[in-house]
Amino acid sequence: MENYLDLRNDNNYTKLEQAGKMIREGGLVLFPTETVYGIGANGLNEKAVKKIYEAKGRASDNPLILHIANFEMLPQIAQNISDIEKKLMKAFWPGPFTIILNRTKIVPDIVTAGLETVGIRMPSGIIAQKLIEYANVPIAAPSANISGRPSGTNLEDIYEELKDKMDFIINGGNTEVGLESTVVRVINGVPHILRPGKITAEDIENVVGTVEIDEHILHKTGEGQKILSPGMKYRHYAPNAKCILVFSKENNKLISKIKELSSEYKNPLIIAKNENLERLKGVQTIGMGNSLEEISKNIFTILRKVDNYHPDIVIIEGVEKEGLGLAIMNRLIRACEYNYIEIE
Ligand code: TXA
Ligand code: MG
C-alpha cells in the first residue's frame, strides 16, 4: 500500500515527513503512541477533525485530546494555566498524562465538543512526537477503534475496522503501556483524576500533595448526573458476550468463585492471571499475564478476541484497585457493564 509505513524495525523517522504533511493538509493518520494507537488529524482544522468523528462513529458531545510535541505548542491552544497545572505538566510530560485546560479561541468547537476546556497531552512515544513535529500543528487524536470497541494497542487488532477510513497508516508494533492516558482536571487547586492510567493517583500526590479520584471511574453514571469527562458515560470495551468481573484478595476464594460461576454455563470462557490457569483446567481460558504492566499491555487485545470463542459467559479475574490496577479495573468494569462481584 502506498500510504503505509512500517517503523517496527526502522528508526529512520524522517520517513514520517509525508505523514506529517498528510495531517497538515487535512488527512487522517493512524499512528502509535506509547499508550494506544490514535486516529490523528490537524487539530486546528474543523473539517479534518470532523472526519475523526465519522471514522469512529463517535458521539459529537465527546471531546478529543490535542497532542503536542513540545511546550512551545501550548500557549496557542491553552490559557490561564495555574502553577499546579504547570507543575503537573512538567512532572509527567512527555508521557501518558492528559490535562484539561482552558482553551483558546483558535481551538475549533468540534475538538472540545463545545466545552470551554481542552484536553492536552504530550506523548513520549517517539513516532508520535516526530509525527507532531512534522505536522507542525497540534494533532487531535482519540484512541484508534470504532466507538465502543477496545482501543487498539497493535495495528493487527484495528487494521480491518479502520483501514478504509485512513489516509495514512503507521505501524509501530505493540504500544508500550496498552491503556489510554490518565486524564486529570485541576478543580479549585486539586487535581481530579477523570480517567485513570499509567500515571497513578500516588504519582500525582507525590508532585502536588493532593489528588481526588472521580467517583465515575468505578461506578455507573446516574441518570441526569453531571459528568466531568463525557467519555465516561459511554458503553466501552464490552464484548458481545455477557461478562462478569470477579475479585478477591484471597486467591483461593477467587478461584472457587470463578469455578462456581463457570459451572452454571455450557461454554464459559475465563480470563485470568497466568499463574491461576493451572487451577482452572477443564474450561476454556485465556491468560492475561501476571503483573499489572503485563495485564495493561494485553487486556485490549484479549477483549477483542473474546467473541471468537462464542462463550455464553466470560468470567474475568479482577485486580487490586490500586496504582495501575485502578486503570485496569476501570476498563474491565466497563467491559463487564458493571457486572462486578467482590468477595471479602
Ligand atoms: O492515551 C490516550 O489518551 C489516547 C492516545 C491516542 O493519546 N487517546 C485517547 O483519546 O484515549 P480518547 O478520545 O479515546 O479519550 C479521551 C478522553 C475521553 O474520555 C474524553 O471524554 C476526555 O478524554 N476528554 C477530552 N477532552 C475533555 C475535556 N475538555 N473535558 C473533559 N474530558 C475530556
Ligand atoms: Mg477512546
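Since we're looking at a predicted model, the values are computed, not measured.

Visitor: Honestly, helix 11 (residues 324-335) in this entry has me stumped. Any pointers?
Guide: At 3.6 residues per turn, the α-helix brings residues three or four places apart onto the same side. Along its 12 residues, helix 11 runs 17 Å from first to last C-alpha, staying within 8% of the 16 Å computed at 1.5 Å per residue. Counting buried positions along helix 11 yields 12 of 12 residues, so the element is predominantly enclosed. Turning to helix 11, its buried residues are Leu 324, Gly 325, Leu 326, Ala 327, Ile 328, Met 329, Asn 330, Arg 331, Leu 332, Ile 333, Arg 334 and Ala 335. Where helix 11 is buried, its residues touch strand 11 (190-195), strand 12 (212-213), strand 13 (243-248), helix 10 (292-305), strand 16 (313-317) and strand 17 (340-343). Where helix 11 ends, the next residue or the one after it, Glu 337, has phi of about 45 degrees, a positive value.

Visitor: Honestly, the nonpolar core in this entry has me stumped. Any pointers?
Guide: Across soluble globular proteins, nonpolar side chains show a tendency to be buried alongside one another. One finds Val 29, Leu 30, Trp 93, Phe 97, Ile 120, Ile 170 and Ile 204 to be the most contacted residues of the largest nonpolar core, which totals 94 residues. Element by element, the count of residues in this core is highest for helix 11, at 8 residues. Looking at which domains feed residues into this core, each of domain 1 (4-217) and domain 2 (243-343) gives three or more. In this structure, Trp 93 is in contact with Ile 68, Phe 71, Leu 74, Ile 99, Ile 120, Arg 121 and Met 122, ignoring residues within four places of it in sequence. Ranked by size, the runner-up nonpolar core spans 11 residues in total, among them Ile 244, Ile 258, Ile 270 and Leu 280.

What counts, and where the lines are drawn
Residues numbered from 1 in each chain as written. Chains lettered and ligands numbered in written order. Predicted model: local features only at pLDDT ≥ 70, side-chain atom pairs only at ≥ 80, totals over all residues. Heavy atoms only, no water. Helix = DSSP H or I, 4+ residues; strand = E, 2+ residues; numbered from the N terminus. Expected span 1.5 Å × (residues − 1). Buried < 20%, exposed > 50% of the residue type's maximum accessible area, 1.4 Å probe, protein only. Contact = heavy atoms within 4.5 Å. Core = buried A, V, L, I, M, F, W, Y, C linked by side-chain atoms within 4.5 Å. Domains from an automatic or database assignment.

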